[in-house]
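# Survey of secondary and tertiary structure
One-letter residues, chain by chain:
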Amino acid sequence: MEPTREERSSSQEPVPRLGPEQQRLEVFAGEWRAEGVLGEASGPHARAQATAEEHYAWLPGGFFLGHRGVMRFGKESLESTRILGFDPVTQRYRMHQFDNMGYARVYEGGEQQDGVWVFAGPHERVTMTFGAGNHAMDIHWEQSDDGQRWRPLCDLKATRVQ
């Protein structure tokens, strides 16, 4: 007989349960198109115009939201995969991001106020502000070398297309 989900779970770790924390991530779900400009922290690409296509969808089980995206600027592109989820131990949201430049990053955060989500890591942070009935999203990325002084990395305005 196969062990139950509860029996498979470590006694130190709570058994995952779907709840309102996962439901709050629904605001991201769907197809988004964005355009904007790269900031001073993007180095030689500063002030370059950028476009992006992003797709967020629930992974099987409904605990995590997956993301695939591409941002184009000049002749370059940044392709990324993210997984967003809620950690019941820390009571924080996490965003794991992997990109075609070879970076693998973990950000923590959550909804700071109604419609404003912030995720931060040691050297980058993003603020995503939803508006227009959750059909628009302002995305502001920042970068820091020391974790104290933050510089704009890119600003995008996204529209839900599906």
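Structure's up top.
Residues numbered from 1 in each chain as written. Predicted model: local features only at pLDDT ≥ 70, side-chain atom pairs only at ≥ 80, totals over all residues. Heavy atoms only, no water.

Turning our attention to the overall build of the chain. Looking only at helices and strands, the chain has two helices and 10 strands in total. Along the first, second and third principal axes, the C-alpha set of the chain runs to 60 × 35 × 30 Å. Taking all 162 residues of the chain together, 38% fall into the buried category. When contacts within the chain are restricted to residue pairs at least 6 apart in sequence, those whose partners lie at least 24 apart make up 37%. (Helix = DSSP H or I, 4+ residues; strand = E, 2+ residues; numbered from the N terminus. Buried < 20%, exposed > 50% of the residue type's maximum accessible area, 1.4 Å probe, protein only. Contact = heavy atoms within 4.5 Å.)

Spatial strand order, β1-β2-β3-β4-β5-β6-β7-β8-β9-β10: 10 strands in a closed barrel with antiparallel pairing. Ignoring strand direction, the axes of neighbouring strands in this sheet form an average angle of 25°. The sheet contact formed by strand β2 (residues 49-58) and strand β3 (residues 64-73) spans nine bridges and is antiparallel. Residue pairing across strands places Glu54 opposite Gly69, the latter belonging to β3. (Pairing = 2+ DSSP bridges. Axes fitted to C-alpha atoms, helices over the stretch in contact; angles between N-to-C directions.)

A few words on empty space enclosed by the protein. All chains considered together, the criterion is met by one cavity of 30 Å³ or more. If you trace the largest cavity, you find it lined by Glu54, Arg82, Met95, Val126, Met128, Ile139 and Trp141. Elements represented by at least two residues in the lining of the largest cavity include exactly β8 (124-131) and β9 (136-143). The class makeup of the residues in the lining of the largest cavity is five nonpolar, no polar and two charged. (1 Å grid on protein atoms, 1.4 Å probe; cavity = no way out; pocket = protein on both sides within 12 Å on 5 of 7 lines; lining within 4 Å. Points joined across faces, edges and corners; volume = space filled by probe spheres on them. Nonpolar A, V, L, I, M, F, W, Y, C, P; charged D, E, K, R; others polar.)

Shape descriptors only; they carry no functional weight alone.
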